[in-house]
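Fold and contact review
Listed here are the chains, written in short residue letters.
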Amino acid sequence: MSDRYKEAQKIYEKIGVNTEKVLDEMQNLEISMHCWQGDDLNGFDNEGPLSGGIQATGNYPGKAVNAPQLMQDLDQAFALIPGKKRLNLHASYAVFEEGEWVDRDRLKPEHFKAWLEYAKKRDIGIDFNGTFFSHKYAEQFTLSSNDEEIRRFWVRHGQACIKIAEYFAEELGGRCLLNIWIPDGYKDIPADRLAPRERLTRSLDEILSIDYDKEKVQVSLESKVFGIGLESYTVCSSEYCINYAATRGILVLMDNGHYHPAEMVSDKISAMLPFHDKMALHLTRAVRWDSDHVVLFDDEIKEIAKEIVRNDALDRVFIATDFFDASINRIAAWVVGMRNIQKAFLYAMLQPESVLKELQEKEGFTELMMLQEELKFYPYQIVWEEFCRRNYVEAGKEWFDRVREYEESVLVKRG
């Protein structure tokens, strides 16, 4: 314990914040890191281009092209991130034996045995996502398709994903969040907005109709405001997603890039918590639109963290990352994004929330504003340094030297 930390501890004690308790809470904070930053969301089950409004721009050297490479890169990123981690995996990352391949509607738990072994060796949990894009049956519509063959294909895929998620939960001794997101919609103004949503409802009901352990598998539904090729109408909009989840007992998943730029997910969290026992988040950074930039330590990510912490909802909100940038070192992108989310939660935990709430309740708005501004200059960085020290991870920019070494020794040699 450094003298700097001891001094910061005293400063926070004066406003009623116990930094040791905060560090214990930080140690238990679990963030699910997405695998797809490592290979630009290509996956291993198809060689075609990305579709469904998905784009990864740039061509930085060294992206992973198979499971061993991706696992190696994940390990390098995990080694530079303090605290607890989970792995957020897409169905398109199935690992097949030599000469074996099945389509997404025939995926089974054994196709993810390599990922299970990976997680067991590292003592981490796994969350799972159905992959309803980048496929010959995902050119326009998936679960809301009026082509019954296509619709049934994706229903079977969703059902298969539930069983795979259950496999992860049972084998790893915890829970698995199974997220569903579809890119269905129209580029221009549709003549019928209702029929696709009725088909989507039928499809989702059929997926959820299979027998599975609802305690071990937490199913979530993710909305989106628009995408490339579906600028005018999105079938699984926010309103649809919230209503479906509320009536079917599943989770709403909010991606903070999936809304109009004037909408803030930080404001939506307290609107959801009174009506939903649990909810889920994909944390990203939208620049003008849903562009999935690397998460920064910016105002919105700090407000999201504060809303979760101040409402005592850390055990009610599942937190995961979702960004992919092919123009920069992919491992550095993981590390920067994950560490910034952790910094945001640390910053939130170091707020004297009871004092701030009391000022609001008694309408002491002048003092509230003053204190909120003063807190921005409190020594949270020193507490971050102590958190990293206790996790044997570099607190400052020194971690980037290890990324640079890894790039030179591993990534550039991949060709």
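Above: the structure in question.
Description of the structure in this document. Along each chain, residues carry numbers from 1 onward, in the same order as the chain's sequence is written. In view of the model being predicted, local features appear only for residues whose pLDDT reaches at least 70, and side-chain atom pairs are presented and counted only at 80 or more, with totals across whole chains, interfaces and linings using the full set of residues. By convention in this description, side-chain values take in all heavy atoms of the structure and omit both hydrogens and water.

So, on to the overall build of the chain. The helix and strand inventory of the chain stands at 14 helices and 12 strands. Using C-alpha atoms as the atom set, the radius of gyration is obtained and then compared with a globule rule of 2.2 Å times the number of residues to the power 0.38. Whereas a compact globule of 415 residues would reach a radius of gyration of roughly 22 Å, the chain reaches 22 Å, a difference of no more than 12%. Each principal axis of the C-alpha distribution contributes one length, and for the chain these read about 65 × 55 × 40 Å. Each residue is assigned to one of three classes by its accessible area relative to the maximum for its type, calculated with a 1.4 Å probe on protein chains only: buried under 20%, partly exposed between the two thresholds, exposed over 50%. Counting all 415 residues of the chain, 56% fall into the buried class. When contacts within the chain are restricted to residue pairs at least 6 apart in sequence, long-range pairs at least 24 apart make up 80% of them. Of the accessible surface of the chain, which amounts to about 18800 Å², a share of 48% is contributed by carbon and sulfur atoms. Between the mean site of the 52 positive side-chain charges and the mean site of the 71 negative ones, the chain shows a separation of 2 Å. Secondary structure is summarised from DSSP: a helix means a run of H or I of at least four residues, a strand means a run of E of at least two, and numbering begins at the N terminus for each. Contacts between residues were defined by any pair of non-hydrogen atoms, one from each residue, lying within 4.5 Å. We get accessible surface area from the Shrake-Rupley algorithm with a probe of 1.4 Å; when it comes to residues, only the shown protein chains can shield them. Only four residue types enter the tally: Lys and Arg on the positive side, Asp and Glu on the negative side; His and the chain ends are excluded. For the purpose of locating charges, the reference atoms are NZ of Lys, CZ of Arg, CG of Asp and CD of Glu.

Next up on the list: the packing of helix α3 (residues 67-78) against helix α10 (residues 330-349). Two elements in contact, α3 and α10, have axes separated by 9 Å at closest approach and are oriented at 40°. Considered as vectors, α3 and α10 are oriented oblique to each other. As α3 packs across α10, the resulting crossing turns out to be right-handed. Residue-level inspection shows Leu70, Asp73, Leu74, Gln76 and Ala77 of α3 in contact with α10, the latter providing Ile331, Trp334 and Val335. Each residue belonging to the contact of α3 with α10 can be placed in one class, and the counts come to six nonpolar, one polar and one charged. Only the stretch in contact is used when a helix axis is fitted, and all axes are lines through C-alpha atoms; the angle between N-to-C directions ranges over 0 to 180 degrees. Each angle receives one of four descriptions, namely roughly parallel if under 35 degrees, roughly antiparallel if over 145, roughly perpendicular if within 65 to 115, and oblique otherwise. Each crossing gets its hand from how the near helix is turned against the far one by less than a right angle, where anticlockwise is left-handed and clockwise is right-handed. Under the scheme applied here, ten amino acids are nonpolar (Ala, Val, Leu, Ile, Met, Phe, Trp, Tyr, Cys and Pro), four are charged (Asp, Glu, Lys and Arg), and all others, including Gly, are polar.

Turning to the packing of aromatic side chains, a few remarks are in order. Aromatic rings from Phe, Tyr and Trp, taking only the six-membered ring of Trp, are treated as a pair when their centres fall within 6.5 Å; an angle between ring planes under 30 degrees marks them as stacked, one over 60 as edge-to-face, and anything in between as tilted. Tallying each qualifying case throughout the model produces 20 aromatic pairs. Arranged with centres 5.0 Å apart and planes meeting at 80°, the rings of tyrosine 137 and phenylalanine 153 form a pair that is edge-to-face. One end of the pair, tyrosine 137, is in the loop between β3 (125-129) and α5 (148-172); the other, phenylalanine 153, is in helix α5, and 16 residues separate them in sequence. When sorted by exposure, tyrosine 137 lands in the same class as phenylalanine 153, which is buried. Summarising the aromatic geometry, the rings of tyrosine 240 and tyrosine 244 are spaced 6.0 Å apart at their centres and angled 15° between planes, so their arrangement reads as stacked. Here tyrosine 240 pairs with tyrosine 244, and both are found in helix α7 (residues 238-248), just four residues apart, close to one helical turn. When sorted by exposure, tyrosine 240 lands in the same class as tyrosine 244, which is buried. Cation placement over rings: the criterion is NZ of Lys or CZ of Arg within 6 Å of the ring centroid and within 35° of the ring normal. Positioned above the aromatic ring of tyrosine 347 is the side chain of lysine 302, whose terminal nitrogen or guanidinium carbon lies 5.2 Å from the ring centre.

Let's shift gears to helix α8 (residues 265-272). In an α-helix, one turn spans 3.6 residues, which is why side chains three or four residues apart end up on the same side. All of the buried residues in α8 are Val265, Ser266, Lys268, Ile269 and Met272. Down the axis of α8, the buried set is contained in an arc of 155°. They therefore lie on one face. Buried residues along α8 sit against α7, β8 (251-255), β9 (279-283) and α9 (299-310). To be clear, the arc concerns the directions from the helix axis to the C-beta atoms.

The next subject is unusual backbone geometry. The backbone of serine 134 sits at a positive phi, close to 50°, despite the residue not being glycine. Position of serine 134 relative to the elements: it lies in the loop between β3 and α5. Among the residues examined, serine 134 registers a relative accessible area of 11% and is labelled buried. Of note, glutamate 363 is a non-glycine position whose phi angle comes to about 60°, a positive value. With respect to the secondary-structure elements, glutamate 363 resides in the loop between α11 (353-361) and α12 (365-375).

So, about the nonpolar core. For the purposes of this section, nonpolar cores are sets of buried Ala, Val, Leu, Ile, Met, Phe, Trp, Tyr and Cys residues that join through side-chain atoms within 4.5 Å. Counting 128 residues, the largest nonpolar core has Trp115, Phe128, Leu143, Phe168, Leu281 and Phe345 as the members making the most contacts within it. The dominant element in this core, judged by the number of residues it contributes, is α10, at 12 residues. Beyond its immediate stretch of four places on either side in the chain, leucine 143 contacts Phe132, Arg151, Trp154, Val155, Ile180, Ile182, Asp184, Arg199, Leu200, Ser203, Leu204 and Ile207. Membership of the second largest hydrophobic core comes to five residues, among which are Leu251, Leu253, Ala280 and Phe318.

On to empty space enclosed by the protein, then. We place a 1 Å grid over just the protein atoms. Points where a 1.4 Å probe fits but has no way out form a cavity, open points with protein on both sides within 12 Å along at least 5 of 7 lines form a pocket, and any residue with an atom within 4 Å of a point lines it. Grid points are joined across faces, edges and corners, and a volume is the space filled by probe spheres set on the points. As enumerated under the stated definition, the model contains two cavities of 30 Å³ or more in all. Taken as a whole, the second largest cavity holds about 50 Å³ of empty space. Taken together, Gly38, Tyr60, Pro61, Gly62, Lys63, Asp73, Asn329, Arg330, Ile331 and Leu411 form the lining of the second largest cavity. Classifying every residue of the lining of the second largest cavity gives four nonpolar, three polar and three charged.

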